[in-house]
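This is what each chain is made of:
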Amino acid sequence: MSASPNTHLGKYQIIREIARSNDIVYEGYDPIMNRRVAIKELNIPSSSTPQQTEDRVRRFEREVKAAGSLSHPGIVTIFEVGVDSGRHFMAMEYLDGRTLRNELESCGVLEPIRAIEIIIDVLGALSFAHQNGVVHRDVKPENIQLLSDGRVKLTDFGIARLTFEPNITMDGQVFGTPSYMSPEQVVGKEIDARSDLFSVGSVLFEMLAGYKAFQGDNVVAISMAITSKSPDYPAHLPHVLQQILVAALDKTPSMRMSSAAQFIERLNAALEFLRSGGVVQPQLGHQSYGGHVSPTPPPIQGTPASYGTPAPYGTPAPYHQQPYTYGSVPSNTTGYPGMSGHPLPIYVPAPKVPLFQPETIQSIKRFFVILITSGLFLGLVVVSIQGLAKAYDKKQQVRPQQSSAQTRDLAITYEEQARSAQQAGDYKRAEENYLEAVRLDPTNPAYASDLGFLFQLQAERASNSTDRLELWQRCGEWYSKAAKLGEREGSDSREWHESGAIAYINASQEFQASGDSRGARNALYKARDLTTTGSELDSVVIERLKELENGG
C-alpha cells in the first residue's frame, strides 16, 4: 500500500527516506510555508487483513490525536494529517539532531548531571501530557530526540493511551518495548501515568550505568526480570541517584513517585546536591553479579515473612524507599571527606501497601458485572453458532466423507467464539469452545496454547488457593501439550515450554503454601521437564528443589 513512495504526499515534496519500521519517515519540504518537515507515512503490508488494516489506521489516528492535542516545547509538533491516494500520513516539525539511543551508542554512559538534565526535560513533556490525559506507553531512548540547539523532544505517540477516550487495547494485550515496560504493562494490566515513570526510570538507569536495568536473551527472560528482579546497580552510581531509581523502578505502581512533577522535584534536589560538590556516600559493601558490581542493599526491617499464600512466580513483594528530603549533614558524619556542609539524602523506609486498594477491587467487581451483562447478549450469539454447529454435525453423520478443510474451518469458528467469550469474562463458555476446537483439530498446537492461556488468566485472578492450584496445573498441562504438538510440526515451541514451566512453578508454590511438599516437588519436576538445561528457568527450578530438600 505504501511500498513505492511517489515524489509527493499531499502538498509536501518528499526529499529522502529517513527511517522505516512500522511506519516510513521521510524528510520533506512544505512549499507553502517554505520549511523542512518530517513526514510519517503509515506502512501497511500488502498481506494485512481488512481488520488488521483498520486497526493500524485507528492507531495511526490515535497517535495524531495524542501528539496533535499537546502543544508543548518538549513534544514534537504535528502540522497536518491527511490521506493521499489511500496513503495515510502526518506532517510534523523536522528535528535536527540525534536520538538518545545514538548518544548512548557513541558515549556509553552520560555524566550524571547531563543525564538528569535530559530526563527532567523528558519528564516536563510527560507531565504536560499526563495532565492532558495522555499516557505515552513507549518511553525509550529511540523516542527521545536531542536537538542540535540543546533542546530535548519526546516523539512517537503511536501507542499512547488517551484516558479521556475508550481504550482500543483489549485487556491482556501488551504494547511497548520490552526492556522499558513497567511490570503492569508487561502482564497486560490497566496502566496510568506511573507506568511512564517506570519507563523513564529504566532510561535514566541505562544513561547512568551503560547497560539496561532489565536484561535477558529473549522477551520472556526480560519480562521475568522486570516483574521479579531488582536492577544490578553499578558501584560508581551516586547514592542520591540510586535512591531515586529505586523509587522509580518499584514493581508496585502505588509505591512509585506519584507524578512526573514529583519525579522532577527529586531530580532537581539531586542536581543541586551534585552541582554543589556532593560526594558519593561510601558503600558498606558490594557484590558482583553478571559482570557488574552493585552495592549491598540495606538490611531488611521487621520480621521475616511467614509462609502463606505466595504470589505467582514473576510477581514479587513490593520494595520501596519513600521520597526523602535534603537537609544539613548530621554531626555524626564526621570522617566522610568532603561531606561537611553539603546536604545529604535521608532514607526513610515506608510500610508496604497492597498492589490493589479496596476501592480498586470494588471498581474491578463493577467492571466484571458490566462484562457479565454484556456476556448475556454474547451468549445468545454463541447459542446460535452452536445451533449451526450441531446442525453441521448432523449433516456430517449423513456425509461421513467430509473434507478435513471444512473441519479445520469449523475449529477456527469455535476458536473465534472462545476468544470472544474469554474477552467478555465468560471463561466456562470459552473453555467449552476451545475444547471443541481441539476435538475437531487435535494436532493444532495453537488450540492447546489457547487453553493454557485461558487457565493462566483464571489462575492469576483466582482468590481461592485451591482454585489457583488446580488452574495452574491445568495451565501447565495444556502448555505442555502445545509444546509437544509444536515439536512434531517442527515449529518453534520455546515460549510454550517456558509458559508451561512457569505454570508448574506457580503450582509448586501453591502446594508448598498448603504444606504439601511432595506435591510441590512433583510440580517442580514437571517444570524441569519443560526447561532448557542451563537456562534461567532451569536454575530457578533447581534452586527451589534444593530449598525443598533442605526444608525436609
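Residues numbered from 1 in each chain as written. Predicted model: local features only at pLDDT ≥ 70, side-chain atom pairs only at ≥ 80, totals over all residues. Heavy atoms only, no water.

### Some thoughts on the overall build of the chain
For the chain, the count of helices and strands is 16 helices and 15 strands. By residue count, 46% of the 552 residues in the chain fall in the buried class. Here the chain displays about 28,300 Å² of accessible surface, and carbon together with sulfur accounts for 53% of that area. (Helix = DSSP H or I, 4+ residues; strand = E, 2+ residues; numbered from the N terminus. Buried < 20%, exposed > 50% of the residue type's maximum accessible area, 1.4 Å probe, protein only. Areas by Shrake-Rupley, 256 points an atom, 1.4 Å probe, with all protein chains shown as cover.)

### Some remarks on the nonpolar core
By size, the foremost hydrophobic cluster in this structure holds 74 residues, and its most contacted members are Leu123, Ile144, Met207, Leu241, Phe263 and Leu267. Top element by residues in this core is helix H3 (residues 112–131). It accounts for ten residues. Not counting the four nearest positions on each side in its chain, Leu267 is found in contact with Ile116, Ile119, Ile120, Leu123, Leu204 and Ile244. (Core = buried A, V, L, I, M, F, W, Y, C linked by side-chain atoms within 4.5 Å. Contact = heavy atoms within 4.5 Å.)

### Remarks on the packing of helix H13 (residues 465–489) against helix H14 (residues 494–513)
Axes are the key here: two packed helices are described by the angle between their axes and the distance separating the axes. Look at H13 against H14: their axes get within 8 Å of each other, and the N-to-C directions meet at 155°. As summarised for this structure, H13 and H14 are arranged roughly antiparallel, according to the angle between their axes. The two elements H13 and H14 meet at a crossing, and its hand is left-handed. The residue inventory of the contact of H13 with H14, partitioned by class, reads eleven nonpolar, nine polar and four charged. (Axes fitted to C-alpha atoms, helices over the stretch in contact; angles between N-to-C directions. Parallel < 35°, antiparallel > 145°, perpendicular 65-115°, else oblique. Left-handed = near helix turned anticlockwise from the far one by under 90°. Nonpolar A, V, L, I, M, F, W, Y, C, P; charged D, E, K, R; others polar.)

### Thoughts on the environment of Gln145
In this structure, Gln145 sits in strand S9 (residues 144–147). Measuring from C-alpha to C-alpha, the distance between Gln145 and Ile118 comes to 9.9 Å, with 27 residues separating the pair along the chain.

### Observations regarding the pattern of salt bridges
Under the definition given, this model contains 28 salt bridges. Glu27 is the partner of Arg36 in a salt bridge, and the nearest nitrogen-oxygen pair spans 3.2 Å. Of the residues examined, Arg36 reaches a relative accessible area of 43% and is grouped as partly exposed. Look at Glu27 and you get buried, because its relative accessible area is 9%. The salt bridge partner of Lys40 is Asp156, with a shortest N-O separation of 3.8 Å. In this pair, Lys40 is assigned in strand S4 (residues 35–42) and Asp156 in the loop between strand S10 (152–154) and strand S11 (161–162), connecting sequence segments 116 residues apart. Judged by its relative accessible area of 28%, Asp156 falls in the partly exposed class. Linked by salt bridges that have partners in common, Lys11, Asp30, Arg35 and Glu80 make up one network. (Salt bridge = Lys/Arg side-chain N within 4 Å of Asp/Glu carboxyl O.)

### Looking at the packing of aromatic side chains
Throughout the structure, instances matching the rule amount to four aromatic pairs. Geometrically, the ring pair formed by Tyr12 and Phe89 is edge-to-face, given 6.3 Å between the ring centres and 80° between the ring planes. Of this pair, Tyr12 sits in strand S2 (residues 12–20) while Phe89 sits in strand S6 (residues 87–93), placing them 77 residues apart in sequence. Side by side, Tyr12 and Phe89 carry an identical accessibility label, which is buried. Look at Phe205 and Tyr211: their rings are 5.7 Å apart centre to centre, the planes differ by 75°, and that puts the pair in the edge-to-face class. In this pair, the class of Phe205 matches that of Tyr211, namely buried. Three or more aromatic residues link up through ring pairs in this structure, and these residues are Phe205, Tyr211 and Tyr233. The positively charged end of Arg35 is found above the aromatic ring belonging to Phe79, 3.8 Å away from the centroid. The ring of Trp478 has Lys481 sitting right over it, with the charged end atom 4.0 Å from the ring centre. (Phe/Tyr/Trp six-rings, centres within 6.5 Å; stacked < 30°, edge-to-face > 60°. Lys NZ or Arg CZ within 6 Å of the ring centre and 35° of its normal.)

### Considering the sheet that holds S2
Across the sheet, which stays open at both edges, the six strands sit in the order S1-S2-S3-S4-S6-S5 with antiparallel pairing between neighbours. For this open sheet the edge positions go to strand S1 (8–9) and strand S5 (78–84), each flanked by a neighbour on one side alone. Here six bridges tie S2 to strand S3 (residues 23–30), and the two strands are oriented antiparallel to one another. Within S3, the residue paired with Gln13 across the bridge is Tyr29. (Pairing = 2+ DSSP bridges.)

### Observations regarding helix H5 (residues 193–209)
Its 17 residues place the ends of H5 25 Å apart at the C-alpha level, agreeing with the 24 Å of an ideal helix rising 1.5 Å per residue. Taking burial as the measure, the 17 residues of H5 include 15 buried ones, the bulk of the element. At the C-terminal side of H5, Gly210 shows a positive phi close to 90°. (Expected span 1.5 Å × (residues − 1).)

### With respect to unusual backbone geometry
Non-glycine residue Asn34 carries a positive phi angle of around 55°. Examined against the element boundaries, Asn34 turns out to sit in the loop between S3 and S4. Accessibility expressed as a relative area gives 56% for Asn34, which makes it exposed. Within the chain, Arg137 stands out as a residue other than glycine whose phi angle is a positive 75°. Counting through the fold element by element, Arg137 comes out in the loop between strand S8 (134–135) and S9. Take Arg137: its relative accessible area is 7%, and that puts it in the buried class.

### A few points about the pairing of S6
The element S6 is largely enclosed, with a buried count of seven among its seven residues. The sheet contact formed by S4 and S6 spans five bridges and is antiparallel. Residue pairing across strands places Glu41 opposite Phe89, the latter belonging to S6. Of the strand pairs in this sheet, S5 and S6 are connected by six bridges, and their pairing is antiparallel. Residue Val83 lies in a different strand from S6, and its bridge partner there is His88. Once S5 ends, the chain turns through two residues before running back antiparallel as S6, passing Ser85 with a positive phi of about 55°.

### Re the sheet that holds strand S7 (residues 97–99)
In a beta sheet, neighbouring strands pair by backbone hydrogen bonds and run either parallel or antiparallel. One open sheet holds the three strands; their spatial order is S7-S9-S10, and the pairing between them is antiparallel. In the strand order of this sheet, the two ends are held by S7 and S10, each with one partner. Taking each pair of neighbouring strands and ignoring which way they run, the sheet shows an average axis angle of 25°. In this sheet, S9 lies alongside S7 in antiparallel orientation, the contact comprising three bridges. Within S9, the position partnered with Thr99 by the bridge is Gln145. Set on the sheet, H3 makes contact with S9 and S10; between it and S10 the angle comes to about 45°.

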